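# Structural overview for review
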Amino acid sequence: MSDFRFDKIEQEVVLFLADGIVLEGTVFLAPHAYTHAGPQTLLELLRESEPFLPLRDRDGSLRLVNKAAVSHARHTADTGEDAEGIPLGEMVAARLFFFGGETLEGTLNIEMPRDRSRLKDFLNAAPDFFPFDCGESHYIINSRLLYQVMPL
């Protein structure tokens, strides 16, 4: 065990897994992000190359969750996802269909070159995880676990 301890920021989250299991608990974010001023965001945590993330569930048990199995994560709006200010792209309404049977309706921000700014272009170029807003609820979506997307 190391004598060094790194403080983390605790973030409440609900993880929806591909098989329909729902995990509620806390993930741990770095207080300093690598790519911008301020703390790490949930989106950055999910995009890290390490396949597992630690989650402390409601009863205090610690588990390691395979990020590839997370179809989407619900979080509060104050997680720093808006750290870069006003989105530069176009907000597009869509309905998402997950392999597990769940659907979500909301909006996503397409920040792409003008000649490649369609929903199809975004989905084909998007990283594995992208933000998605459903009114009061905010999600991070795993694009690999969507079987269909419909523009609204």
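Each chain carries its own residue numbering, running from 1 in the written order of its sequence. Predicted model: local features are reported for residues with pLDDT of at least 70 only, side-chain atom pairs are reported and counted for 80 or more only, and whole-chain, interface and lining totals are derived from all residues. Heavy atoms from the whole structure form the basis of all side-chain values; hydrogens and water molecules are not counted.

## As for the overall build of the protein
Helical segments are the DSSP runs of H or I of at least four residues, strand segments are the runs of E of at least two, and each set is numbered from the N terminus. Regarding its fold elements, the protein presents two helices and 10 strands. What you see in the protein, going N to C, is helices and strands ordered as β-β-α-β-β-β-β-β-α-β-β-β. As presented, the protein carries roughly 9500 Å² of accessible surface, and 53% of it is formed by carbon and sulfur atoms. Reported accessibility uses the Shrake-Rupley method at a 1.4 Å probe radius. Residues are deemed covered only where the shown protein chains occlude them.

## Quick word on the pairing of strand β5 (residues 70-75)
The two faces of a sheet get side chains in turn, since along a regular strand they alternate between them. Of all six residues making up β5, five are buried, and the element is well covered by its neighbours. Strand direction decides the pairing type here: strand β1 (residues 9-17) and β5, joined by five bridges, are antiparallel. Residue pairing for β5: Val13 is matched across the bridge by His75. Note: β5 against strand β9 (residues 137-142), four bridges, orientation antiparallel. The partner of His75 across the bridge, within β9, is His138. Residue burial is assigned from relative accessible area. The probe radius is 1.4 Å, only protein chains are included, and a residue is buried under 20% of its type maximum, exposed over 50%, and partly exposed in between. Only strands joined by at least two bridges in the DSSP assignment are considered to pair.

## Concerning the packing of aromatic side chains
Here is the rule: rings of Phe, Tyr and Trp (six-membered ring for Trp) pair when centre to centre is within 6.5 Å. Planes less than 30 degrees apart are stacked, more than 60 are edge-to-face, and the remainder are tilted. Tallying each qualifying case throughout the model produces four aromatic pairs. Pairing Phe16 with Tyr139 gives two aromatic rings, centres 6.5 Å apart and planes at 45 degrees, and the pair type is tilted. Taken as a pair, Phe16 in strand β1 and Tyr139 in strand β9 lie far apart in primary sequence, 123 residues in all. Its relative accessible area of 6% is what places Tyr139 among the buried residues. Between the aromatic rings of Phe99 and Tyr147, the centroid separation amounts to 5.9 Å while the plane-to-plane angle is 35 degrees, which identifies the pairing as tilted. Remark: Tyr147 occurs in strand β10 (residues 146-151) and Phe99 occurs in the loop between β6 (90-98) and β7 (103-110); sequence separation between them is 48 residues. A network of ring pairs unites the aromatic residues Phe97, Phe99 and Tyr147 as a single cluster.

## Considering the environment of Arg47
Position of Arg47 relative to the elements: it lies in helix α1 (residues 42-47). Note on contacts: a residue pair is in contact if any heavy atoms of the two residues lie within 4.5 Å. In contact with Arg47, other than residues within four places in its own chain, are Pro127, Phe129, Phe130 and Pro131. Of note is the side chain of Arg47, whose polar atom sits 2.8 Å from the backbone oxygen of Phe129. What qualifies as a polar contact is a pair of N or O atoms within 3.5 Å, subject to a donor-acceptor requirement within protein and to the restriction that residues adjacent in sequence count only when both atoms come from side chains.

## Some thoughts on the layout of surface pockets
The calculated volume of the second largest pocket comes to roughly 520 Å³. Among the secondary structure elements, those contributing two or more residues to the lining of the second largest pocket are α1 and β3 (52-57). The leading source of residues in the lining of the second largest pocket is β3, at four residues. Three classes are used, and their members are as follows: Ala, Val, Leu, Ile, Met, Phe, Trp, Tyr, Cys and Pro are nonpolar, Asp, Glu, Lys and Arg are charged, and the others, Gly among them, are polar. When its residues are assigned to classes, the lining of the second largest pocket shows nine nonpolar, three polar and eight charged. Only protein atoms enter the 1 Å grid used here. Points where a 1.4 Å probe fits but cannot escape make up a cavity, open sets with protein on both sides within 12 Å along at least five of seven lines make up a pocket, and a residue lines them when an atom lies within 4 Å of a point. Grid points are joined across faces, edges and corners, and a volume is the space filled by probe spheres set on the points.

## Details of the environment of Val22
Note that Val22 resides in strand β2 (residues 22-29). For the pair Val22 and His72, spaced 50 residues apart in the sequence, the C-alpha separation amounts to 9.9 Å. The residues touching Val22, leaving out its near neighbours within four places in the chain, are Val14, Leu15 and Phe16.

## Some thoughts on the pairing of β9
With respect to burial, β9 is a largely interior element, five of its six residues being buried. Of the pairings in the sheet, the one linking strand β8 (residues 129-134) to β9 comprises six bridges and is antiparallel in character. In the sheet register, Phe130 faces β9, and the bridge partner there is Ile141. Counted along the chain from β8 to the antiparallel partner β9, the turn is two residues long, and its residue Gly135 has a positive phi close to 70 degrees.

Without other data, these values stay purely geometric and don't point to any function.
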